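# A structural walkthrough
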Amino acid sequence: MVAAGCATAPVSNHVVRPANRFPAEAFITERAVFNARGAQFPLNGYLALSAAGGKRLVVTENFGRVVADVLVKPDGTIFVMQSSRMFPATYIRYGIAVDLECLCGDSPPADCPLKMPGPNHFVIDRGTRYRLDLQILEIKPGAPPAELFDETKAEK
């Protein structure tokens, strides 16, 4: 850009995700702050990625109680493995799964409001609905256990 005579990049509300941000096979530990309805909720979780099995995201409170568990198969089929009062099944299906695709999907949705303040720091800001501030703590490359991607264990 400097060679072309432009000293600053244009400001954008969205980020172009770097290619291959996450390995195709990995186990990722994360910490997040979820802001909604004027309150902040600290959350922990892990994301298991498998080229054959899909994406499995488990979100917990600080004391370990699961508040959301979702499996997104490679074909895009969504299975709510476990829901909670904080995150009911409908919210997991139409909120968390969409944000998961926004963060690490092959084809993020057009309305993906993702920003990257740092290399392992992501922010999804849905305006008045909610804001998710996510930090990646550790990425362990390698295939996660196949049983993590068994959709037969989903809630009915």
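Notes on the structure in this doc start here.

Scoring rules and cut-offs
Residues numbered from 1 in each chain as written. Predicted model: local features only at pLDDT ≥ 70, side-chain atom pairs only at ≥ 80, totals over all residues. Heavy atoms only, no water. Helix = DSSP H or I, 4+ residues; strand = E, 2+ residues; numbered from the N terminus. Buried < 20%, exposed > 50% of the residue type's maximum accessible area, 1.4 Å probe, protein only. Pairing = 2+ DSSP bridges. Salt bridge = Lys/Arg side-chain N within 4 Å of Asp/Glu carboxyl O. Phe/Tyr/Trp six-rings, centres within 6.5 Å; stacked < 30°, edge-to-face > 60°. Core = buried A, V, L, I, M, F, W, Y, C linked by side-chain atoms within 4.5 Å. Disulfide = S-S within 2.5 Å. Contact = heavy atoms within 4.5 Å.

Moving on: unusual backbone geometry. Its identity as a non-glycine residue notwithstanding, Arg-37 has a phi of 50 degrees, on the positive side. Looking at the element boundaries, Arg-37 is found in the loop between strand 1 (26-36) and strand 2 (39-50). Overall, the relative accessible area of 87% leaves Arg-37 in the exposed class.

A word on the pairing of strand 7 (residues 121-125). Burial of strand 7 is extensive: four of the five residues sit out of reach of the surface. Of the pairings in the sheet, the one linking strand 6 (residues 114-118) to strand 7 comprises three bridges and is antiparallel in character. Pairing of Lys-115 across the sheet is with Val-123, part of strand 7. In terms of strand pairing, strand 7 meets strand 8 (residues 131-141) through five bridges, oriented antiparallel. Bridge pairing in strand 8 links Phe-122 to Leu-134. Remark: five residues form the turn of the hairpin made by strand 7 and strand 8, two consecutive strands paired antiparallel; Gly-127 in that turn has positive phi of roughly 65 degrees.

Before going further, it helps to spend a moment on the pattern of salt bridges. Enumeration over the complete set of coordinates arrives at nine salt bridges. Here Glu-101 makes a salt bridge to Lys-55, at a shortest N to O gap of 3.7 Å. Of the two residues, Glu-101 sits in helix 1 (residues 89-104) while Lys-55 sits in strand 3 (residues 54-60), which places them 46 residues apart along the sequence. Neither residue differs from the other here; Glu-101 and Lys-55 are each classed as buried. Ionic pairing is found between Arg-56 and Asp-69, a salt bridge with its closest N-O pair at 2.6 Å. Here Arg-56, found in strand 3, pairs with Asp-69, found in strand 4 (residues 66-72); they are 13 residues apart in sequence, far enough to count as distant.

Another point: the packing of aromatic side chains. For the structure on display, the rule yields eight aromatic pairs. Ring geometry for Phe-34 against Phe-87: centres 5.3 Å apart, planes inclined by 75 degrees, an arrangement best described as edge-to-face. On the criterion of sequence distance, the pair formed by Phe-34 in strand 1 and Phe-87 in the loop between strand 5 (78-82) and helix 1 is long-range, its members being 53 residues apart. The same class applies to Phe-34 as to Phe-87, namely buried.

Nonpolar side chains in soluble globular proteins generally cluster together in the buried interior. Of all hydrophobic cores here, the largest spans 32 residues; its most connected members are Phe-22 and Phe-87. Elements that contribute at least two residues to this core include exactly strand 1, strand 2, strand 3, strand 4, helix 1, strand 7 and strand 8. Core analysis: the next-biggest nonpolar cluster, separate from the first, contains six residues, Ala-48, Leu-71, Leu-148 and Phe-149 among them.

Attention now moves to the state of the cysteines. Per the stated rule, a full pass over the model turns up one disulfide. Between Cys-102 and Cys-112 runs a disulfide, and the two sulfur atoms are separated by 1.7 Å. Handedness here is read from the sign of the S-S torsion; for Cys-102 and Cys-112, about 80 degrees, the answer is right-handed. Taken together, the residues span a long stretch of sequence, with Cys-102 in helix 1 and Cys-112 in the loop between helix 1 and strand 6 at a distance of ten residues.

Moving on: the environment of Gly-142. Along the polypeptide, Gly-142 turns up in the segment after strand 8. Residues Gly-142 and Pro-23, 119 residues apart in the sequence, show an inter-C-alpha distance of 8.2 Å. For Gly-142, the residues in contact, after removing those within four places along its chain, are Glu-25 and Ala-26.

The values reported here are purely geometric and, on their own, carry no functional implication.
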